[in-house]
Amino acid sequence: MSVTTLPIPHKPSVSQAVVITLNMQSLSMDMGRETDAGLMLLMGAAGPAPEEQQIARSALQELHRRYYPYVLAIAEGYSENFGTVEIDAKEFATATFKRAYERAASFEDKSKANPEHAKLQVKAWLGVIARNLSRDALDKIRRRHGHLEVVPLQETIDVPDDEPIPEMDTLSTPTAAIVALREALDALKPEDRDILMTYAAFGIPTKSGRELPKEARDSLQERTGYERSNIRQKWLRLTRKLEAELEPILTTQRNSNK
Amino acid sequence: MTKKYPHEDTDELPPALRKALIECGAVIPTTPKEVLLAERQQKTKASPDQVEAAFQKLELALDDPTDDLSFAKINDALLTMQNEDLAMAARNGMELDEETRAKIEESVQRALRKPPPDSEL
């Protein structure tokens, strides 16, 4: 029996959650047929009873089977690019699933029963969890190696409805441009690569340009040893440099496509 | 991106560059569109055995609340490099003004402070 024969509401109401919870005990343990949204619901709605926990673990195992290769690839790409910090990609991927299990109730299905959309949404949601985990880990490093100030971190793991960058299309960047960027990244000093990645991942556009939240900024200062003003200047120089290196390739590609 | 209106937020990260950084793996994709872009460049393939082994590790972590799955630590090579730079600056300290010397002193103290035994996070 599948839990998702009927469309699942974005967030179940209390009465719906009670019904779902009661039904969980009669569910088949064959999670392979379950939709992604169904797996998330089984994890998120599970109560403390051993039977419910067992079902939730089975749902997690299936989710892990489907998405571990993706999350590992993301973690490996991220760890290869980070200069000042050594990241164990496998541990990072495992930590991502651990937090996903703990926060499954916060997942909102916006796929409108489209399985392909659901896959992308789950991957994006796991990406938000991974990004937040990396932010927390970087802040932890700052606290261990430097100042003792502790900044409570805001936990946001919802996938935004709108794209953060309206102009972003889904056409792949030309391979030549990716190769050029890869070479440019490899040639950067570790601390400069850290600045670039931190601003790109955690920076927020403001009236005066992209700014880092305080904890991310302090952590970056600690890792790189640069003053705040130097970091900002380096960020500006790095984006201009990389944009200048990419632009001719992208322009050539655009012209050849005409 | 140039500022068009006085109250408009600005972003020095052009969309094309952000996109390419996602495709390079340097930025973690957090929206469905970004996932699509990243996936086209992914090469990692985990075998069923690797997935199974990873899940066993995950279950152990879930069963042990004290296991915080530390996956990041400061690059030791970078720490050594920073210490060497600071040492060089300290050797030339006679040529530095008071303010700079005080800053170096603070940095040296910070760099030489022993990390806790379990410095791996």
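Parameters and conventions
Residues numbered from 1 in each chain as written. Chains lettered and ligands numbered in written order. Predicted model: local features only at pLDDT ≥ 70, side-chain atom pairs only at ≥ 80, totals over all residues. Heavy atoms only, no water. Helix = DSSP H or I, 4+ residues; strand = E, 2+ residues; numbered from the N terminus. Buried < 20%, exposed > 50% of the residue type's maximum accessible area, 1.4 Å probe, protein only. Contact = heavy atoms within 4.5 Å. Areas by Shrake-Rupley, 256 points an atom, 1.4 Å probe, with all protein chains shown as cover. Buried area = accessible area lost by both parts, 1.4 Å probe. Salt bridge = Lys/Arg side-chain N within 4 Å of Asp/Glu carboxyl O. Polar contact = N/O pair within 3.5 Å; in protein donor to acceptor, adjacent residues only side chain to side chain. Nonpolar A, V, L, I, M, F, W, Y, C, P; charged D, E, K, R; others polar. pLDDT = per-residue confidence, 0-100. 1 Å grid on protein atoms, 1.4 Å probe; cavity = no way out; pocket = protein on both sides within 12 Å on 5 of 7 lines; lining within 4 Å. Points joined across faces, edges and corners; volume = space filled by probe spheres on them. Expected span 1.5 Å × (residues − 1).

## Description of the overall build of chain B
Link 1 in the chain: Counting its regular elements, chain B contains 5 helices and 1 strand.
Link 2 in the chain: Ordered by position from the N terminus, the helices and strands of chain B form the series α-α-α-β-α-α.
Link 3 in the chain: Burial analysis of chain B (121 residues in total) assigns 36% to the buried set.
Link 4 in the chain: Considering only contacts within chain B whose residues lie at least 6 apart along the sequence, 25% involve residues at least 24 apart.
Link 5 in the chain: Of the roughly 7,500 Å² of accessible surface on chain B, a fraction of 54% belongs to carbon and sulfur atoms.

## Quick notes on the overall build of chain A
Link 1 in the chain: Each helix and strand in chain A was counted, giving 9 helices and 3 strands.
Link 2 in the chain: Looking at the 258 residues of chain A, the share that counts as buried comes to 52%.
Link 3 in the chain: If you take every contact in chain A between residues at least 6 apart in sequence, the share linking residues at least 24 apart comes to 67%.
Link 4 in the chain: Roughly 12,100 Å² of accessible area belongs to chain A as shown, and the carbon and sulfur atoms make up 54% of that amount.

## Thoughts on the interface of chain A and chain B
Link 1 in the chain: Each partner contributes to the interface: chain A provides 84 residues, whereas chain B provides 74 residues.
Link 2 in the chain: For the pair chain A and chain B, the two sides together bury roughly 7,200 Å², of which 63% comes from carbon and sulfur.
Link 3 in the chain: On the surface where chain A and chain B come into contact, there are 7 salt bridges.
Link 4 in the chain: Note that B:Glu59 is salt-bridged to A:Arg57, the shortest N-O span being 3.4 Å.
Link 5 in the chain: Here chain A is connected to chain B by 18 residue pairs in polar contact (both at pLDDT 80 or more).
Link 6 in the chain: Its residues assigned to classes, the side of chain A that touches chain B comprises 40 nonpolar, 22 polar and 22 charged.

## Looking at the confidence of the model for chain B
Residues and elements named next belong to chain B.
Link 1 in the chain: Per-residue pLDDT for chain B averages 73, and the proportion of residues at 70 or more is 57%.
Link 2 in the chain: Of all the helices and strands in chain B, helix 4 (residues 76–91) carries the lowest mean pLDDT, 55, while helix 3 (residues 48–63) carries the highest, 95.
Link 3 in the chain: Predicted confidence for residues 114–121 stays below pLDDT 50, and this span has 16 contacts to residues more than four positions away or in other chains.

## With respect to the pattern of salt bridges
Residues and elements named next belong to chain A.
Link 1 in the chain: Taken as a whole, this structure holds 20 salt bridges over all chains when the rule is applied.
Link 2 in the chain: Taking the shortest distance from any N to any O, the salt bridge between Asp192 and Lys234 comes out at 3.6 Å. Pair noted here: Asp192 is in helix 7 (residues 190–202) and Lys234 is in helix 9 (residues 228–257), with a separation of 42 residues, a long-range link.
Link 3 in the chain: Owing to a relative accessible area of 18%, Lys234 belongs among the buried residues under this scheme.

## Points about empty space enclosed by the protein
Residues and elements named next belong to chain A.
Link 1 in the chain: For the structure shown, the criterion picks out 2 cavities of 30 Å³ or more.
Link 2 in the chain: Roughly 60 Å³ of internal volume is contained in the largest cavity.
Link 3 in the chain: Forming the walls of the largest cavity are Tyr70, Val71, Ile74, Ala75, Phe92, Ala93, Thr96, Lys123, Leu126, Gly127 and Ala130.
Link 4 in the chain: Sorting the residues of the lining of the largest cavity by element identifies helix 3 (50–81), helix 4 (89–102) and helix 5 (115–145) as the ones contributing at least two each.
Link 5 in the chain: Residues belonging to the lining of the largest cavity are distributed by class as follows: 8 nonpolar, 2 polar and 1 charged.
Link 6 in the chain: Size it by volume and the second largest cavity reaches roughly 50 Å³.
Link 7 in the chain: Mapped onto the lining of the second largest cavity, the elements with two or more residues apiece are helix 5, helix 7 and helix 8 (214–224).

## Regarding helix 4 of chain A
All names here are of chain A.
Link 1 in the chain: Over its 14 residues, helix 4 extends 20 Å from the first C-alpha to the last, a length consistent with the 20 Å expected when each residue adds 1.5 Å.
Link 2 in the chain: Counting buried positions over the 14 residues of helix 4 gives 12, a clear majority of the element.
Link 3 in the chain: Taken together, the buried positions of helix 4 are Ala89, Glu91, Phe92, Ala93, Thr94, Ala95, Thr96, Phe97, Lys98, Arg99, Ala100 and Tyr101.
Link 4 in the chain: One side-chain oxygen of the residue at the start of helix 4 lies 3.1 Å from the amide nitrogen of Lys90, identifying that residue as Asp88.

## Observations concerning helix 7 of chain A
For an α-helix, 3.6 residues make a turn, and residues three or four places apart therefore share a direction.
Residues and elements named next belong to chain A.
Link 1 in the chain: Compared with an ideal rise of 1.5 Å per residue, which puts 13 residues at 18 Å, helix 7 spans 18 Å between its outermost C-alpha atoms and is within 8% of the ideal.
Link 2 in the chain: Extensive coverage of helix 7 is indicated by the burial of 12 of its 13 residues.
Link 3 in the chain: For helix 7, the complete set of buried residues consists of Glu191, Asp192, Arg193, Asp194, Ile195, Leu196, Met197, Thr198, Tyr199, Ala200, Ala201 and Phe202.

## Describing unusual backbone geometry
Residues and elements named next belong to chain A.
Link 1 in the chain: The phi angle at Lys112 is positive, at roughly 50°, despite the residue not being glycine.
Link 2 in the chain: Note that Lys112 resides in the loop between helix 4 and helix 5.
Link 3 in the chain: Its relative accessible area of 78% is what places Lys112 among the exposed residues.

## Section: the confidence of the model for chain A
Residues and elements named next belong to chain A.
Link 1 in the chain: Mean pLDDT over chain A: 82, with 78% of residues reaching 70 or higher.
Link 2 in the chain: Within chain A, helix 1 (residues 14–24) has the poorest average pLDDT of any element, 53, and helix 4 the best, 95.
Link 3 in the chain: Contacts from residues 1–9, a stretch scored under 50 in pLDDT, to residues over four places away or in other chains number 15 contacts.

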